[in-house]
Structure formats: structure tokens, C-alpha cells
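Now for the letters of each chain:
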Amino acid sequence: MVQDENGRLVKAPREIQMRAFKIAEEMIDRLRGEPYPDVAPVSMAYGTFIKCCGKLNLPKDISMKSTTRIFKYCCREGLVSDFVLTQLRYALPRDKFAEVLAESGYE
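Residues numbered from 1 in each chain as written. Predicted model: local features only at pLDDT ≥ 70, side-chain atom pairs only at ≥ 80, totals over all residues. Heavy atoms only, no water.

**Details of the overall build of the chain**
Looking only at helices and strands, the chain features five helices and two strands. The proportion of buried residues among the 107 residues of the chain is 31%. Summarising the internal contacts of the chain: among those between residues at least 6 apart in sequence, 61% fall at separations of at least 24. When the accessible surface of the chain is totalled, it reaches about 7,100 Å², and 54% of it is carbon and sulfur. (Helix = DSSP H or I, 4+ residues; strand = E, 2+ residues; numbered from the N terminus. Buried < 20%, exposed > 50% of the residue type's maximum accessible area, 1.4 Å probe, protein only. Contact = heavy atoms within 4.5 Å. Areas by Shrake-Rupley, 256 points an atom, 1.4 Å probe, with all protein chains shown as cover.)

Right, here's the structure in full:
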């Protein structure tokens with residue numbers, strides 16, 4: 001969804017949604033490394049990226065791969081929160097959600 005010139009929310013074309021995803025992906029990757037070596041992501045950054053994957057109209061393979069990748073980073077960094085788990089639940093199908101949790105050590 002994007003705002004039109006009158007402030008109303010309208011559904012954006014898929015190419016615009018894909019562009020928004022690429023920007024979000026670039027930002028989370030930058031937070032995780034160069035060129036900001038002294039800046040670390042927080043739980044909210046991971047959860048918001050996962051939310052982007054779930055809300056934007058992306059191809060399923062891209063959405064699921066990106067969601068899973070970022071969740072695994074979040075787990076490794078010890079930043080899993082209720083917000084992250086809620087966004088993960090909405091971004092993935094039920095069976096994939098359970099699988100990703102199990103792979104990450106959650107039962």
C-alpha cells in the first residue's frame with residue numbers, strides 16, 4: 001500500500017512493491033555489516049523487515065527465503081522478541097512457521 005496524492009492508501013503495483021522490498025533488504029544488510037560496522041540492528045529492525053516480507057506482494061520464494069534468512073540472523077544475535085515472532089507468524093504459512101522455529105531451536 002502507498003499513499004496517493006490525496007492521502008488515501010492504494011495498492012501499489014508489484015514492481016513498486018518489489019522496489020520497496022529491495023530498499024528494505026539493502027537497509028537490513030547494511031545494518032548487519034558494512035558500511036556501518038559500529039551500528040548493530042535491534043529486534044525491531046528484524047521484525048519490521050520480516051513484516052515487509054509478509055505484507056508486500058512478493059513472489060513466495062523470495063518472501064520465504066528472505067524471512068527465513070533474517071530470522072536466523074535474529075536468532076544468532078539473540079534478538080528474538082514477541083514482535084519478531086508475531087511478524088514471523090504472519091509472514092509464513094503455518095507449516096513453514098513451525099519448521100523455521102524448530103530449525104532455530106524452538107519447540
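**Looking at the nonpolar core**
One recurring pattern in soluble globular proteins: nonpolar side chains tend to sit buried together. Counting residues in hydrophobic clusters, the biggest one holds 20 residues, and the most contacted among them are Tyr46, Phe49, Ile50, Ile70, Phe71 and Leu88. Only α1 (14-32), α2 (43-55), α3 (60-76), α4 (82-91) and α5 (94-103) provide two or more residues apiece to this core. Leave out the neighbours within four places in its chain, and Leu88 touches Ile50, Thr67, Phe71, Phe97, Val100 and Leu101. (Core = buried A, V, L, I, M, F, W, Y, C linked by side-chain atoms within 4.5 Å.)

**Some details on the packing of aromatic side chains**
The geometry of an aromatic ring pair comes down to the distance between the two centres and the angle between the two planes. Evaluation of the coordinates by the stated rule reveals two aromatic pairs. Seen in terms of ring centroids, Phe21 and Phe49 are 5.9 Å apart; in terms of plane orientation they differ by 40°. Their pairing is tilted. Of this pair, Phe21 sits in helix α1 while Phe49 is found in helix α2, placing the two residues 28 residues apart along the sequence. Comparing Phe21 with Phe49 shows no difference in burial state: the two are buried. Judged by centre distance (6.4 Å) and plane angle (45°), the ring pair of Phe71 and Tyr106 falls under tilted. On the criterion of sequence distance, the pair formed by Phe71 in helix α3 and Tyr106 in the segment after α5 is long-range, its members being 35 residues apart. (Phe/Tyr/Trp six-rings, centres within 6.5 Å; stacked < 30°, edge-to-face > 60°.)

**Comments concerning the packing of α4 against α5**
At a minimum axis separation of 8 Å, α4 and α5 run at an interaxial angle of 140°. Between α4 and α5, the crossing angle belongs to the class labelled oblique. Here α4 contributes Leu85, Leu88 and Arg89 to the contact with α5, which in turn contributes Arg94, Phe97, Val100 and Leu101. (Axes fitted to C-alpha atoms, helices over the stretch in contact; angles between N-to-C directions. Parallel < 35°, antiparallel > 145°, perpendicular 65-115°, else oblique.)

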